[in-house]
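Below are the chains, spelled out letter by letter.
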Amino acid sequence: KLKPGNRLVESCLAEELGVSRTPLRDAIARLAKEGFVEINPRKGACIKEFNIEDVIEVYDIRKSLERLAISLAVSKIKDNDLKRLKDLFSKGDKKALARADAELHHLIIKSSCNKKLINMLDNLYNFIEVFRVRGYYFKDRAEKAASDHIKILNALIKRDKTLAEKLMEKHIETTKQDILYNFK
């Protein structure tokens with residue numbers, strides 16, 4: 001319902017959601033701290049309108065953090081998880097590819113076994129989801145990314161940390177460039 005730039009009127013939201021204004025105010029403050037809401041003096045809170053710089057920052061951070069996740073995870077990822085993902089990628093339909101995409105990134109992040117890194121990437125993925133929902137991705141992004149993911153998966157199966165890191169960096173940079181192209 002809420003679109004970028006919309007004001008968040010506490011009294012209306014509290015009534016609509018059936019909550020008191022205090023927890024709502026706390027939630028808005030948290031969303032502002034996380035970067036999803038902007039609070040302007042005398043105007044109140046508004047849904048943040050993301051710009052090109054936001055996309056660049058999020059994807060540059062993602063590139064570094066997921067490279068670190070691969071570095072930590074490559075020796076810990078279970079073979080049966082890699083095989084299961086390879087089977088999922090081989091199905092080829094859009095839903096399976098999108099699911100495999102999300103599962104591959106999640107598996108790498110989880111397998112890093114670094115709680116702080118996992119938390120940082122979970123928070124970052126909230127921004128990535130906003131970009132996805134706002135339509136900044138190509139319609140056929142899952143198919144386009146599938147070959148990147150299969151290459152990353154094969155590097156992980158071989159336990160080739162350097163290659164997996166380079167492939168992940170390239171994949172995320174390509175995704176960033178696609179989003180920037182569609183952002184304009």
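Conventions adopted
Residues numbered from 1 in each chain as written. Predicted model: local features only at pLDDT ≥ 70, side-chain atom pairs only at ≥ 80, totals over all residues. Heavy atoms only, no water. Salt bridge = Lys/Arg side-chain N within 4 Å of Asp/Glu carboxyl O. Helix = DSSP H or I, 4+ residues; strand = E, 2+ residues; numbered from the N terminus. Buried < 20%, exposed > 50% of the residue type's maximum accessible area, 1.4 Å probe, protein only. pLDDT = per-residue confidence, 0-100. Pairing = 2+ DSSP bridges.

(A) Representation of the pattern of salt bridges within the structure. If you walk through the whole model with that rule in mind, you get 15 salt bridges. For Glu 169, the salt bridge is made with Arg 67, and the minimal N-O distance between the two is 2.9 Å. Residue Glu 169 is located in helix α8 (residues 161-183), and its partner Arg 67 is located in helix α3 (residues 52-73); the two are separated by 102 residues in the primary sequence. The class for Glu 169 is partly exposed, based on a relative accessible area of 27%. On the basis of relative accessible area, Arg 67 is assigned to the partly exposed category, the value being 28%. Salt-bridge contacts for Lys 176 lead to Glu 173; the nearest nitrogen and oxygen are separated by 3.3 Å. Note that Lys 176 and Glu 173 are positioned in helix α8 at a spacing of 3 residues, about one turn of the helix.

(B) View of the confidence of the model for the protein. Averaged over every residue, the pLDDT of the protein is 89; the share at 70 or more is 93%. Per-element averaging of pLDDT across the protein places helix α7 (residues 141-157) at the bottom with 86 and α3 at the top with 96.

(C) Structural view of the pairing of strand β3 (residues 44-47). Examined bridge by bridge, strand β1 (residues 7-8) and β3 share 2 bridges and lie antiparallel to one another. Following the sheet pairing, Leu 8 is matched in β3 by Ala 45. Both strand β2 (residues 37-40) and β3 contribute to a ladder of 4 bridges, which runs antiparallel. Across the sheet, the residue bridging to Val 37 is Ile 47, located in β3. Taking the residues between adjacent antiparallel strands as the criterion, β2 and β3 are bridged by 3 residues, where Arg 42 takes a positive phi near 65°.

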